[in-house]
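Structural features, examined
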Amino acid sequence: MAAGVAAWLPFARAAAIGWMPVASTPMPMPPQEKRKAQDGLIILNVSGTKFQTWRTTLERYPDTLLGSTERDFFFHEETNEYFFDRDPDIFRHILNFYRTGKLHYPRQECISAYDEELAFFGIIPEIIGDCCYEEYKDRRRENAERLQDDEEMDMNNDVTPVNLTFREYLWRAFENPHTSTLALVFYYVTGFFIAISVMANVVETVPCGTLPNRSKEISCGDRYALAFFCLDTACVMIFTVEYLLRLIAAPSRYKFMKSVMSVIDVVAIMPYYIGLVMTDNDQVSGAFVTLRVFRVFRIFKFSRHSAGLRILGYTLKSCASELGFLLFSLTMAIIIFATVMFYAEKGSTGSKFTSIPAAFWYTIVTMTTLGYGDMVPKTIVGKVFGSICSLSGVLVIALPVPVIVSNFSRIYHQSQRAEKRRAQRKTRLARIRAAKIRGTNAYMRYKQNGLLIDSLEEEAGQALVGKAPSPPFESQHHHLLHCLEKTTNHEFVDEQTFQANCMDISVMNKTGSRASSLSSSPHGLGSCCSRRHRKKSSFSLPSTNNQELSTIQIRERPVANSRASLNAKLDETVPLKCDEPYITPSMVSLSAPVVTSSDGDGSTTTAYSQSNIVRVSAL
Amino acid sequence: MANILHVCCIRFKLCDKLKISLITSVKYLDQVMAMLGVDMVSRLTETYLSLTDSVEDDFELSTVCHRPESMDKLQEQTKFTKKELQVLYRGFKNECPSGVVNEENFKNIYSQFFPQGDSSMYAHFLFEAFDTNKNGSVSFEDFVFGLSIILRGTINDRLNWAFNLYDLNKDGCITKEEMLDIMKSIYDMMGKYTYPTMQDDAPREHVESFFQKMDRNKDGVVTIDEFIESCKKDENIMQSMQLFDNVI
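Residues numbered from 1 in each chain as written. Chains lettered and ligands numbered in written order. Predicted model: local features only at pLDDT ≥ 70, side-chain atom pairs only at ≥ 80, totals over all residues. Heavy atoms only, no water.

Observations concerning a nonpolar patch on the surface
All names here are of chain A. Threshold: Exposure above 30% relative accessible area and no salt bridge define the residues that can form patches, which grow by joining like charges within 9 Å and nonpolar side chains of Val, Leu, Ile, Met, Phe, Trp and Tyr within 5 Å. Calculation of accessible area relied on Shrake-Rupley with a 1.4 Å probe; when residues are assessed, cover is drawn exclusively from the protein chains displayed. Salt-bridge detection follows one rule: a side-chain nitrogen of Lys or Arg within 4 Å of a carboxyl oxygen of Asp or Glu. Per the convention used, a helix needs a DSSP run of H or I reaching at least four residues, while a strand needs a run of E reaching at least two, with both numbered from the N terminus. The cut-offs for exposure are 20% and 50% of the maximum accessible area for each residue type, with area from a 1.4 Å probe on protein chains only; residues under the lower value are buried, those over the upper are exposed, and the others partly exposed.
On the surface, Leu-309, Leu-312, Leu-316, Phe-408 and Tyr-412 cluster together to form a nonpolar patch covering roughly 400 Å² of accessible area. Elements supplying a minimum of two residues to the nonpolar patch: α13 (307-318) and α17 (401-460). With three residues, α13 is the largest single contributor of residues to the nonpolar patch. Inspection of the secondary structure assignment puts Phe-408 in helix α17. Its relative accessible area of 30% is what places Phe-408 among the partly exposed residues.

See the structure below:
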């Protein structure tokens, strides 16, 4: 519906008078107006900034938050206004949309904040007006790329797989040399050999002095032919091995063989093998020499080692159309000018412009402002056209170049940003993790203190701890976590202890004896959390916290039947040895059929070996 | 000379009507003077001014502003209350900030209510009906007068207005051709996708039945009296006229 012209609806309905006399059937009843259009002002208080508008303005778009009854949820009775706890700056644009029917995107706002506000108010971004739509889409695309980069980082780094097949491991080592030392070594070795191979190709053409019985100088390659051959063989061996390993490790062999890098690899090592296969025939030696040229492609293998080279290649690929245009226009200009120069210089004696293709060379050299001077026009007409040619050359080349440069610059900066983000990422993640740990530690401390305070109050009826009370939000949050623990019969631990426990468990599994950290207790417990009454430890709790937690062990449950998990009797706890601050954990087996007797230290081991979910309370 | 005055008018932001009358009178004077050959100086200054202000001219001309008469006067002349006038004006001004609607704008607005079909012809007829002083634009007064008749007028007023709408050449009687145009424009608004599918001769048939009903003396035209009489006799039409009582 034309919500923008909603105000003209009465007019449209009035204009229907023209249909009435010609209608042959009676008209339908008009819709009953439930409430006579209350055209009142609505006050919208967005974080303190008050906006006012007509009710009808908002109701133009009934499928948004403000236009529907959804806004009643935000009605604030005391002040008789609608209160939204959102950004007033962005809200301005949203309200303008209702007023004018056009949604604009402000350039200075962050794209994700804007998207969030739009989503909150139920407005789809597609209705952004043409004036701002392009900008919006560009920013959105940039943001998506950034997020995608981050995700890729995540995927690459966070995947710390435990069980990779050898093949996957190998592939990962090839693609990401930083994952393991072996991969890094291999990476550097191949790089070294590429460099050696390229340098050998270069050096073997240098003249190396004369042979004793000849006057002609021969190249180093011919003088030390055997040495160079051995070097070449060694390099090709390495490259072949690398290529074969990559081929084996590739997840999709077909895709790998199609990729550019593998083609380069193949082209780099082919000449050697072809040379081996071919006999030392004079006729084919010419072709053989040509093949040796391909050895220079080994230098492209460096692109695996250099990001800059990859960026260059990517830029050229993305600027393919500009390059094509450059080539096409240059060709046109060359043909035109070569023709003109040929006919202009035809008359002069001894001119080098023997044919139009011969004039091509002059044109190219002139248009690119090289000017070797091996061909120069002698006639005046030729000189005139030659100068025009050089002037136009500058223009034709200068036009597409900025496009290519800007593309390269954009891609380069993008990769710079990615590098920077990667470097910052580690510190960022570390900080985030630290914050999380603080949160969990707060919870642990709360648990100890809170429960202990409760127990102490129970016992002695006195509040011991002079600790400042935690803010209500935190206390409620902790209570919530506590309830969750109670529900699942598990407890929260922090990361290090969990990992430590994993190691412990794996160690324990191997040895099969856990006598050192286990002790059974004669007490049975009906609740998940056992409380230890220990006055002394209330003050030393923070220090023993870690030790306690380090002995909490949780293990995954392999057994399918789960009926016993939550209702199983917890039959063991650990008594706190009153003189030792170190609290040993109790082991609770939740498997109903395997209820160990409450006495007997050694029985727990057997129970444990068949155990299911084990929950340990260390309080 | 006329152009100089033009520019001066724009500079001083004179009202549109005044500007037009001033310019026309000066143009006449200019022609006279040109006949006498006394226009050299003015031409020079013209060119100078035009060089500096040519772009500005175009822009300024397009933002013509029209202010309606005061609300009190409008309230006297129409049958709307103050509140209703307020609502109407706000909607009008929102869509036409310059204060007047030209035909293209009018068609644009009206077409937004009928997305499936082509409402341009009917909008054209409506425009003609609303534009009582035939100056090519509908001001707020025209708008409100028309609406006042349709929404707040007596049955006779409404029927009169409808007749006026149908009578394209305003000669007091509706011919079959005029009616056919109107009918076609109404059917065009339906668009292509209708059920049952639109036949090409549907408008013509409808016109025939209309004339059969309305044309008392079978002279091929419908006069205002025939129209009003026949409409009053028709139950359906009378009932449908009641619809307009509470549109706003």
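Alright, that's what it looks like, and here's the rest.
With respect to the pattern of salt bridges
Across all of its chains, the model carries 23 salt bridges over all chains by this definition. Across the pair B:Glu103 and B:Lys107 runs a salt bridge whose closest N-O atoms are separated by 3.7 Å. Here the residue B:Glu103 and the residue B:Lys107 both occupy positions in helix α6 (residues 103-111), the gap between them amounting to four residues, near one helical turn. For B:Lys107, a relative accessible area of 26% puts it in the partly exposed group. The closest approach of N and O atoms between B:Lys176 and B:Glu208, which form a salt bridge, is 3.6 Å. Residue B:Lys176 is located in helix α10 (residues 176-188), and its partner B:Glu208 is located in helix α11 (residues 202-214); the two are separated by 32 residues in the primary sequence. Accessibility expressed as a relative area gives 37% for B:Glu208, which makes it partly exposed. One network of salt bridges, with partners in common, ties together A:Glu242, A:Arg246, A:Asp265, A:Lys301 and A:Arg304.

A few points about the sheet that holds strand β3 (residues 75-76) of chain A
Selection criterion: Pairing between two strands requires that DSSP report at least two bridges joining them.
Ordered by their spatial adjacency, four strands build an open sheet running β2-β1-β4-β3 (chain A), and the pairing between neighbours is mixed. Since the sheet does not close on itself, it has two edges, and those belong to β2 (49-54) and β3 of chain A, each with one partner.

Points about the environment of A:Arg253
Residues and elements named next belong to chain A. We apply this condition: Note on definitions: a residue-residue contact is assigned when non-hydrogen atoms from the two residues lie within 4.5 Å. Nitrogen and oxygen atoms within 3.5 Å of one another constitute a polar contact, given that in protein one can donate a hydrogen and the other can accept it, and given that sequence-neighbouring residues count only through two side-chain atoms.
Looking at the element boundaries, Arg-253 is found in helix α10 (residues 253-258). Non-local contacts of Arg-253, meaning those with residues more than four positions away in its chain, are made with Arg-167, Leu-247 and Ile-248. In terms of polar contacts, Arg-253 uses its side chain to reach the backbone carbonyl oxygen of Leu-247, at 2.8 Å. Of note is the side chain of Arg-253, whose polar atom sits 3.1 Å from the backbone oxygen of Ile-248.

Considering the nonpolar core
All names here are of chain B. Rules: Side-chain atoms within 4.5 Å link the members of a nonpolar core, which is a set of buried Ala, Val, Leu, Ile, Met, Phe, Trp, Tyr and Cys residues. Each domain's limits were defined by an automated method or a database of domain assignments.
Formed by 63 residues in total, the largest nonpolar core has its most connected members in Tyr-110, Leu-126, Met-179 and Phe-227. If one sorts the elements of this core by residue count, helix α7 (residues 120-130) sits on top with seven residues. When residues of this core are assigned to domains, at least three fall in each of domain 1 (71-152) and domain 2 (155-247).

A closer look at the confidence of the model for chain B
All names here are of chain B. Worth spelling out the cut-off: Each residue carries a pLDDT value, the predictor's own confidence for that position, ranging from 0 to 100.
Scored by pLDDT, chain B comes out at a mean of 79, with 80% of its residues at no less than 70. Within chain B, no element has a lower average pLDDT than helix α3 (residues 40-62), which sits at 52, and none a higher one than α7, at 91. When the criterion is pLDDT under 50, residues 54-62 qualifies, and its contacts beyond four places in sequence or with other chains add up to nine contacts. Our summary of model confidence lists the complex with pTM equal to 0.50 and ipTM equal to 0.70.

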